[in-house]
Amino acid sequence: MSPDRAIGIMCPDIWGRYVCELLGGIQSAAARAGYRVIAIRASPRDVHRLRLARDQVDGWIALIDAAELGPFLDDGRPVVTLSARAGDGRCPYVLPDNHGGALSAVRHLLDHGHERIVFAGHMAHEDIRQRFQAYRDALEERGIPFDPELVFDLPNNERASGRLAVQRLLEGGVTCTAMFMSADQEALGVLDAFAEAGIRVPEDIALVGFDDIEAARYASPPLTTVRQRFDRLGRTAGELLIDLLAGRELPCAGHIAPTTLVLRRSCGCSPVPALRDAPPSSRSAAAPASAPASARSAPASARSAAAPSGALARELAALASASTALEPSAPPEEAWSGATEVVLGLEAAVWGRPGPAAAALERAWREAAEQMPDIDQLLEMVDRLERAGQTMLRGAGDAAAERRVAAYIRAARRAMMEGRVAIEAARADYLNGLLDINLVIRETLLADAGSSGSKLSWLSAVQMSWGCLAVWEAPGDTDPLLRIVESCSPGATAVSPEPGARVAAEGFPRRAWLPAAAQRDDHVLRLIPLCSDGEERGVLAVCAPVSSPLGLDHRDMEMWVSMLTTAFERASLIESLIEQEQQARAAYERERALADDVRRLGCPVIPLDQGVLLVPLVGAIDLERARHVLEVVLTELSRQEADVLLMDITGVPFADMQVAASLMKTTRAALLLGAEVIVVGMRPQVAQGFMRLGIDLQGMKLHQTLGSALSALRRRRQPLGAPRVPRA
């Protein structure tokens, strides 16, 4: 795998079994062609806006969301859409056979005699609209009028929407005998709501879903549904993109992946499972295209399996791959690598000759159990092997051979069940371990924001081989930059970036930072933008295998990412509060200095000569200012040993009791200190106010202007500027 070649995937969700299986299919195709995979949890619009990994990606796969792909197509890099298609038809797309699968499901319900069939789904998705069209087509085939009352447009494809569909059904008094839900999660919600309402499935209402998620197989009753192979969808999309990157000309048409109707008890069928291929769909977006060139290279040795063992191996492989037929050119091992070994083991038991090692057979059944979690389907595979053995025994016809075959079948059942139990035990251990993992992650991510502890040390607990956390310097700029906060390589050797290092978004993360695990076939690099309240916080980059147990439930990873974002928000809030406190403290200091200046300006004391002080007062005098004037005047009289105080009240607009009292207090205090008090600028209205208030001006000398006061002072004293005679 070349570190310099990469396929980019744009997807609103990069966790959960559905997406992980798609990624696994893309990764398998990419690894064979020497490409690594970078999956970005973002819409095409956000990937273009943030410019993430743009310099590293050779071609793109847009998963689910095919809007606003123009900028990617315009820069000359090929694009393939998966589970969606671009409106302008400029790039190939891969879709499941939604129409054919839904047509098969509705026809099956009609074959059961149902005519009042509800269709419910989230019509905003193109997949769902295609399934709805198949529903209408199936009714039209049988001459059954379409009834809009039986159609429910749901807000999403989640379990809660299934409950909502039942609520509308019961509250609206709609009569029906069957329901076709456009997604299994909705169908499971219907089962929950029916159980609470006392409605039996399938006795009262038959139910069919679409997708065949794992929970559908263990529902009560098990859910009849349309199975689509997500890994095959992903592999097809990856192969198409690789063909485009290799310069092969491909039509911008749809590539339709087959679907299969899986019959279980929810529709009223026997509990023994059955498979039916979806019929060719005349309404599909395009006829199924031939396999991409990169998928048509099966070695000749793999295509030459001899009959009848070769036919049996292909049949078992088809069961393992949830399809009744394989592509003619595909070897059985492509669907199930242990198919041929299992058949060779059966032949060895029939003819009494050495066969594959027991460990190899155990591995084969373990792989089948991993690939096919449906217990009924696994048992059907063993039953088919047993029937084939009985057929072979007709030619051998010996009791010893029968015992060997019986022992071989028992060993196969045991190995298959042990594989299944081991898988479930591992899953249970992991899910139980999530309690401890969540505690560790919560303590790590929600620790005191001032601590210097690692925010990524939890990656090793969830089977991630590498991680890097970066924050945006300027996400809205033309050339956005990311600043590295921390990187972590649990158990791996990598060139770790220095905290504080800055890198352009187009080159994040740099190839040199990635560990060797990032180049392995089963590892995918995931980029997760961290955003809250519409503000871009940063990007978390992690490297993990697509087969990680994290694929079981994306809610855990979403919770951890949310906690990481919350930790960012809290740290940012604390930094903001600290900054605001510093700003407030600086503002307080400025205000205090300004107040001191104002106080000084409110009562300026000007030395005119030795022993002579001038205090010009301007504006209204309130109680606080009067107290300040008295304090300043007495202090300066004492400090400068002045014996003359000139108080200029020309700028005082009016005289009230407060002004008069202030003037009298200051005068008396100055007199007590032995100073002469001269009041300047006593205007008529101020004098009238003093007389009206009965203020005694005794002890004051009054002058109309400052000039007259100074002239009188000169005449009485030695000239200003002459040496002063000290007081006796």
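Definitions and cut-offs
- Residues numbered from 1 in each chain as written.
- Predicted model: local features only at pLDDT ≥ 70, side-chain atom pairs only at ≥ 80, totals over all residues.
- Heavy atoms only, no water.
- Helix = DSSP H or I, 4+ residues; strand = E, 2+ residues; numbered from the N terminus.
- Contact = heavy atoms within 4.5 Å.
- Areas by Shrake-Rupley, 256 points an atom, 1.4 Å probe, with all protein chains shown as cover.
- Core = buried A, V, L, I, M, F, W, Y, C linked by side-chain atoms within 4.5 Å.
- Buried < 20%, exposed > 50% of the residue type's maximum accessible area, 1.4 Å probe, protein only.
- Salt bridge = Lys/Arg side-chain N within 4 Å of Asp/Glu carboxyl O.
- Expected span 1.5 Å × (residues − 1).
- Pairing = 2+ DSSP bridges.
- pLDDT = per-residue confidence, 0-100.
- Axes fitted to C-alpha atoms, helices over the stretch in contact; angles between N-to-C directions.
- Phe/Tyr/Trp six-rings, centres within 6.5 Å; stacked < 30°, edge-to-face > 60°.
- Lys NZ or Arg CZ within 6 Å of the ring centre and 35° of its normal.
- Polar contact = N/O pair within 3.5 Å; in protein donor to acceptor, adjacent residues only side chain to side chain.
- Left-handed = near helix turned anticlockwise from the far one by under 90°.
- Nonpolar A, V, L, I, M, F, W, Y, C, P; charged D, E, K, R; others polar.

As a further point, take the overall build of the protein. Helix and strand counts for the protein stand at 20 helices and 23 strands. Contacts in the protein between residues far apart in sequence, at least 24 positions, make up 70% of those at least 6 positions apart. When the accessible surface of the protein is summed, it comes to about 32,900 Å², and 53% of that surface belongs to carbon and sulfur atoms.

So, about the nonpolar core. Nonpolar side chains in soluble globular proteins generally cluster together in the buried interior. Membership of the largest hydrophobic core comes to 52 residues, with the highest contact counts inside it found for Tyr 135, Leu 169, Met 179, Phe 180, Met 181 and Leu 207. Look past the residues within four positions of Leu 207 in its chain and what remains in contact with it is Met 179, Met 181, Ala 187, Val 190, Leu 191, Val 201, Leu 223, Thr 224, Ser 266 and Cys 267.

Using the criterion set out here, one finds 33 salt bridges in the structure. Among the ionic pairs, Asp 192 bridges to Arg 159, the shortest N-O distance being 2.8 Å. Residue Asp 192 is found in helix α7 (residues 184-197), and its partner Arg 159 is found in helix α6 (residues 159-171); the two are separated by 33 residues along the sequence. Among the residues examined, Arg 159 registers a relative accessible area of 35% and is labelled partly exposed.

Before going further, it helps to spend a moment on helix α9 (residues 230-245). When the terminal C-alpha atoms of α9 are compared, their 23 Å separation across 16 residues agrees well with the 22 Å that a helix rising 1.5 Å per residue should span. Within α9, 12 of the 16 residues are buried, which leaves the element mostly enclosed by the surrounding structure. If you check which residues of α9 are buried, you get Phe 230, Arg 232, Leu 233, Gly 234, Thr 236, Ala 237, Gly 238, Glu 239, Leu 240, Leu 241, Ile 242 and Asp 243. Gly 247, located one to two residues past α9, shows a positive phi value of around 90°.

The next point concerns the pairing of strand β5 (residues 93-96). Taking every second residue as pointing to the same face, both faces of β5 are buried, with Tyr 93 and Leu 95 on one and Val 94 and Pro 96 on the other. Judged from the two bridges that link them, strand β4 (residues 79-82) and β5 form a sheet pairing that is parallel. Across the sheet, residue Leu 82 finds its bridge partner in β5, namely Val 94. Inspection of the sheet shows β5 paired to strand β11 (residues 254-257) by four bridges, in the parallel sense. Opposite Leu 95, over in β11, you have Ile 256 as the bridge partner.

Looking at the protein, pLDDT values average 80 and 81% of them are 70 or higher. Low confidence marks residues 282-291, where pLDDT is under 50. Its contacts with residues over four positions away, or in another chain, come to 22 contacts. Here residues 294-307 is modelled with pLDDT under 50, and outside its nearest four sequence neighbours on either side it reaches 13 contacts, counting other chains as well.

An order of β19-β20-β21-β22-β23 is seen for the five strands of this open sheet, with the pairing classed as mixed. Unpaired on one side and paired on the other, β19 (606-609) and β23 (700-703) mark the two borders of the sheet. The mean angle between the axes of side-by-side strands here comes to 25°, regardless of whether they run parallel or antiparallel. Bridge count for strand β20 (residues 612-618) against strand β21 (residues 644-651) is six bridges, and the pairing is parallel. The residue of β21 that forms the bridge with Pro 616 is Asp 648. Contacting β19, β20 and β21, helix α17 (residues 623-640) runs over the sheet at an angle of about 165° to β20. In the packing of helix α20 (residues 706-716) onto the sheet, the strands contacted are β19, β20, β21, β22 (676-680) and β23, and the crossing angle to β22 comes to about 150°.

Below, the discussion takes up unusual backbone geometry. Cis geometry is found at the peptide bond from Val 201 to Pro 202, where omega equals 10°. With respect to the helices and strands, the residue Pro 202 is situated in the loop between α7 and β9 (206-211). Cis geometry marks the peptide bond from Ser 220 to Pro 221, where omega comes out at -5°. Along the polypeptide, Pro 221 turns up in the loop between α8 (214-217) and β10 (224-228). The phi angle at Glu 641 is positive, at roughly 50°, despite the residue not being glycine. Along the polypeptide, Glu 641 turns up in the loop between α17 and β21.

Quick look at the pairing of strand β14 (residues 466-472) now. The buried count for β14 comes to seven of seven residues, which makes it a mostly enclosed element. Alternating residues of β14 divide into Trp 466, Cys 468, Ala 470 and Trp 472 and Gly 467, Leu 469 and Val 471, and every residue in both groups is buried. As paired strands, β14 and strand β18 (residues 535-545) are joined by six bridges and run antiparallel to one another. Looking at β18, one finds that Trp 466 is bridged to Cys 543. Where β14 lies against strand β15 (residues 481-488), six bridges are found, and the strand directions are antiparallel. Bridge pairing links Cys 468 to Ser 487 in β15.

All right, on to the sheet that holds β4 then. Reading across the sheet, the 11 strands line up as β11-β5-β4-β3-β1-β2-β17-β18-β14-β15-β16 and stay open at both edges, with mixed pairing between neighbours. Each end of this open sheet is capped by a strand with a single partner; those strands are β11 and β16 (502-504). Put simply, the sheet's adjacent strands are angled 25° from each other on average, direction ignored. Sheet topology places strand β2 (residues 36-41) next to strand β17 (residues 523-532); three bridges connect them, and they run parallel. Each bridged residue has a counterpart across the sheet, and for Ala 39 the counterpart in β17 is Arg 526.

Time to look at α17. Here α17 contains 18 residues, and its C-alpha end-to-end distance of 26 Å stays within 8% of the 26 Å for a straight helix at 1.5 Å per residue. Just downstream of α17 lies Glu 641, where phi reads positive at about 50°.

In this section: the packing of aromatic side chains. According to the stated counting rule, one finds eight aromatic pairs in the structure shown. Considering the side-chain rings of Phe 119 and Phe 132, the 5.2 Å spacing of their centres and the 45° angle between planes classify their relative orientation as tilted. Linking Phe 119 in strand β6 (residues 117-121) with Phe 132 in helix α5 (residues 126-141), this pair joins segments that are 13 residues apart in sequence. For Phe 119, a relative accessible area of 0% corresponds to the buried category. Here the aromatic rings of Phe 508 and Trp 513 are separated by 6.4 Å at their centres, their planes lie at 70°, and the arrangement is edge-to-face. A relative accessible area of 6% places Trp 513 in the buried class. Here the guanidinium or amino end of Arg 131 rests over the ring plane of Phe 210, the centre of that ring lying 3.7 Å away.

By secondary structure assignment, the location of Arg 51 is in the loop between α2 (44-50) and β3 (59-63). For Arg 51, the side chain forms a polar contact with the side chain of Glu 506, separated by 2.7 Å. Other than its neighbours up to four places away in sequence, Arg 51 contacts Thr 478, Asp 479, Pro 480, Ala 505 and Glu 506.

For the rest of this paragraph, the subject is the packing of helix α1 (residues 17-33) against α9. Between α1 and α9, the least distance of the axes is 7 Å, while the angle of their chain directions is 40°. Crossing hand, α1 versus α9: right-handed. On α9, the residues touching Tyr 18, Glu 21, Leu 22, Gly 25, Ile 26, Ser 28, Ala 29, Ala 30, Arg 32 and Ala 33 of α1 are Phe 230, Asp 231, Leu 233, Gly 234, Arg 235, Gly 238, Glu 239 and Ile 242. Of the residues assigned to the contact of α1 with α9, the class counts are nine nonpolar, four polar and five charged.

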